[in-house]
Amino acid sequence: MNKKRILLVLIFLIIIFLNRNVLIFRPLLSVVSTQTTYGLVVNEKDALRRGFITGAFNYYYKFSVNGEDYSNPSYDEKYKVGDTVLVEYNKTFPFMNRIKNPPLVRAQCH
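Below: a short report on this structure. From a predicted model like this one, the values you see are computed outputs, not experimental measurements.

Rules of the game
- Residues numbered from 1 in each chain as written.
- Predicted model: local features only at pLDDT ≥ 70, side-chain atom pairs only at ≥ 80, totals over all residues.
- Heavy atoms only, no water.
- Helix = DSSP H or I, 4+ residues; strand = E, 2+ residues; numbered from the N terminus.
- Buried < 20%, exposed > 50% of the residue type's maximum accessible area, 1.4 Å probe, protein only.
- Salt bridge = Lys/Arg side-chain N within 4 Å of Asp/Glu carboxyl O.
- Pairing = 2+ DSSP bridges.
- Axes fitted to C-alpha atoms, helices over the stretch in contact; angles between N-to-C directions.
- Phe/Tyr/Trp six-rings, centres within 6.5 Å; stacked < 30°, edge-to-face > 60°.

1. Focus: unusual backbone geometry
Although it is not a glycine, N66 adopts a positive phi angle of roughly 50°. Looking at where N66 falls in the secondary structure, it is placed in the loop between strand 2 (57-65) and strand 3 (68-73). Residue N66 is classed as exposed on the basis of its relative accessible area of 77%. In this structure, Y75 is a non-glycine residue whose phi angle is positive, near 60°. By the secondary structure assignment, Y75 is in the loop between strand 3 and strand 4 (84-90).

2. Remarks on the pattern of salt bridges
Per the counting criterion, the structure on display carries two salt bridges. Close ionic contact of K62 with E44 constitutes a salt bridge, the shortest N to O distance being 3.5 Å. Here K62, found in strand 2, pairs with E44, found in strand 1 (residues 34-47); they are 18 residues apart in sequence, far enough to count as distant. Judged by relative accessible area, which is 36%, K62 ranks as partly exposed. The salt bridge involving R98 is made with E88; its shortest N-O contact spans 2.8 Å. Separated by 10 residues along the polypeptide, R98 in strand 5 (residues 97-99) and E88 in strand 4 bring together distant segments of the chain.

3. Points about the sheet that holds strand 4
Reading across from one edge, 3-2-1-4-5 is the order of the five strands in this open sheet, with antiparallel pairing throughout. Where the open sheet ends on each side, the last strands, each with one partner, are strand 3 and strand 5. Averaged over all pairs of adjacent strands, the angle between their axes in this sheet comes to 40°, without regard to strand direction. Pairing of strand 1 with strand 2, which is carried by six bridges, proceeds in the antiparallel orientation.

4. Examining the packing of aromatic side chains
The geometry of an aromatic ring pair comes down to the distance between the two centres and the angle between the two planes. The full count for this structure, using the stated rule, is five aromatic pairs. Their ring planes at 85° and their centres at 5.1 Å tell us that F57 and Y59 sit as a pair that is edge-to-face. Owing to a relative accessible area of 26%, F57 belongs among the partly exposed residues under this scheme. The exposure class of Y59 is buried, given its relative accessible area of 14%. Within the aromatic cluster, the residues linked to one another by ring pairs are Y61, F63, Y70 and Y89.

Spelled out as structure tokens, the structure:
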């Protein structure tokens, strides 16, 4: 292989590694056995693409399984700090997880 091809393959692998949660783990949950538990949206932010310019972000959620804590970005701007979420996770590898329930619609107070 020439140097350009090796560089492109390396860049491609790095992109996959950095986005493994969205590209690999979350879709894989549809075909492996899962369990659910409740988690909590916490005040830890994940900047969205171009977030350093626009200020766009979403919050992380955290949950515990067998005394171990896990967290991931919610990937939805509708979640707010303090929201309780239903988390679906692989019982063998709990780091593979996603929010199962949709965001709650909040009533507007007047």
